[in-house]
Amino acid sequence: MVLASAAPGIFSAGLDILEMYQSTPERCVAFWRALQDAWLNLYGSRLITMAAIEGHSPAGGCLLAMSCDYRVMAEGKFQIGLNETKLGIVAPFWFTDVMLNTIGHRETEKALQLGALYSAQQALSIGLVDKVVPLAEVMPTVEGELKNWLQIPAAARVITKTSMRKAVLDRLRSQKEKDAQFFADFINRDSVQKSLGMYIASLQKKKN
Ligand SMILES: CC/C=C\CCC/C=C/C(=O)SCCNC(=O)CCNC(=O)[C@H](O)C(C)(C)COP(=O)(O)OP(=O)(O)OC[C@H]1O[C@@H](n2cnc3c(N)ncnc32)[C@H](O)[C@@H]1OP(=O)(O)O
């Protein structure tokens, strides 16, 4: 399975910030449950999963890419990373776990505190992506890599992938409701709503 985007220049802009702003606790819980389930399915997929990152990939977009087995990113101006702290919010523990498994403890600690967004070359240097190629070569590169992965006997690959990812998946599975409630409570704090409001305004200002 290849994750790619139909929007030029944007692999994924992450979660819909407007869903987190001035919402109700009930809607926040439902929103979070949908995200948890989508992520459990992706990270726990038995399929070979690859991200064709042909554009920006902040926050939830970075989570999607990191949750794949292999990542190819376009060189150039695009950025990738978990930038949550820049919005005044916090990367949930399962976002953190996936990043820890991808780039290790020291880089994750820096990346998360700073809300760092990396260029493709920087991402390659810390292991956040596996390959950087010109934009037009992203999809052909993914397809070529997929052929390599398909050579591996499927049952052996799936057992290996499942055992590598089990602990992180089980950690969320065992506390889904608590996590959803925490999200709804956190996001509706006055200080967090204020930060999100300012961030949305800054996105709109950038456009004008
Ligand atoms: C305890 C746990 C608590 C909380 C955990 C929450 C975890 C959160 C995870 C997330 O994913 S939060 C989302 C983070 N995303 C971002 O910070 C990305 C913000 N967007 C951008 O930086 C840029 O839009 C861009 C993706 C780089 C693309 O730039 P470009 O110049 O091409 O487009 P433009 O900025 O003009 O955007 C077009 C349009 O889309 C709106 N937009 C962009 N991103 C989002 C988003 N994530 N959610 C909602 N809307 C978004 C942007 O405001 C523009 O809208 P407009 O046309 O109406 O002005």
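Nothing here was measured: the structure is a model prediction, and the numbers come from that model.

A. Just unusual backbone geometry, in detail. Phi is positive for Gln22, close to 50°, though the residue is something other than glycine. Relative to the helices and strands, Gln22 resides in the loop between α1 (17–20) and α2 (25–43). Backbone geometry places Ala59, a non-glycine residue, at a positive phi of 50°. Residue position: Ala59 is located in the loop between β4 (55–58) and α3 (60–66).

B. Structural detail: helix α7 (residues 138–150). Spanning 13 residues, α7 covers 18 Å between terminal C-alpha atoms, matching the ideal 18 Å at 1.5 Å per step. Buried residues of α7: Val138, Thr141, Val142, Glu145 and Leu146, and no others. Viewed along the axis of α7, the buried residues span an arc of 140°, placing them on a single side of the element. Along α7, exposed side chains directed more than 90 degrees from the buried face belong to Lys147 and Leu150. Contact partners of the buried residues in α7: β1 (2–3), β3 (50–53), β5 (70–74) and β8 (131–133).

C. A look at the site of the ligand. Residues in contact with the ligand amount to 26 residues; listed here are only the nearest, Ala13, Leu15, Ile17, Tyr199 and Lys207. Gly60 places a polar main-chain atom, nitrogen or oxygen, 2.9 Å from an oxygen atom of the ligand. Taken by itself the ligand offers 1100 Å² of open surface, and the protein chains cover 75% of this. Using a 2 Å cut-off from the grid points, one finds that the ligand occupies the largest pocket. Elements that contribute at least two residues to the shell around the ligand include exactly α1, β4, α9 (176–187) and α10 (190–207). For the shell around the ligand, the residue count by class is 18 nonpolar, four polar and four charged.

D. Examining the pattern of salt bridges more closely. Enumeration over the complete set of coordinates arrives at nine salt bridges. A salt bridge links Asp69 to Arg165; its shortest N-O distance comes to 3.2 Å. Placement of the pair is Asp69 in the loop between α3 and β5 and Arg165 in helix α8 (residues 154–173), with a sequence separation of 96 residues. Comparing Asp69 with Arg165 shows no difference in burial state: the two are buried. A salt bridge links Lys110 to Glu107; its shortest N-O distance comes to 3.7 Å. Residue Lys110 and its partner Glu107 are located together in helix α5 (residues 105–114), separated by three residues, close to a single helical turn. Connected through salt bridges with shared partners, the residues Asp69, Lys161 and Arg165 form a single ionic network.

Procedures and definitions
Residues numbered from 1 in each chain as written. Predicted model: local features only at pLDDT ≥ 70, side-chain atom pairs only at ≥ 80, totals over all residues. Heavy atoms only, no water. Helix = DSSP H or I, 4+ residues; strand = E, 2+ residues; numbered from the N terminus. Expected span 1.5 Å × (residues − 1). Buried < 20%, exposed > 50% of the residue type's maximum accessible area, 1.4 Å probe, protein only. Arc of directions from axis to C-beta. Contact = heavy atoms within 4.5 Å. Near = heavy atom within 4 Å. Polar contact = N/O pair within 3.5 Å; in protein donor to acceptor, adjacent residues only side chain to side chain. Areas by Shrake-Rupley, 256 points an atom, 1.4 Å probe, with all protein chains shown as cover. 1 Å grid on protein atoms, 1.4 Å probe; cavity = no way out; pocket = protein on both sides within 12 Å on 5 of 7 lines; lining within 4 Å. Sits in = over half its atoms within 2 Å of the grid points. Nonpolar A, V, L, I, M, F, W, Y, C, P; charged D, E, K, R; others polar. Salt bridge = Lys/Arg side-chain N within 4 Å of Asp/Glu carboxyl O.

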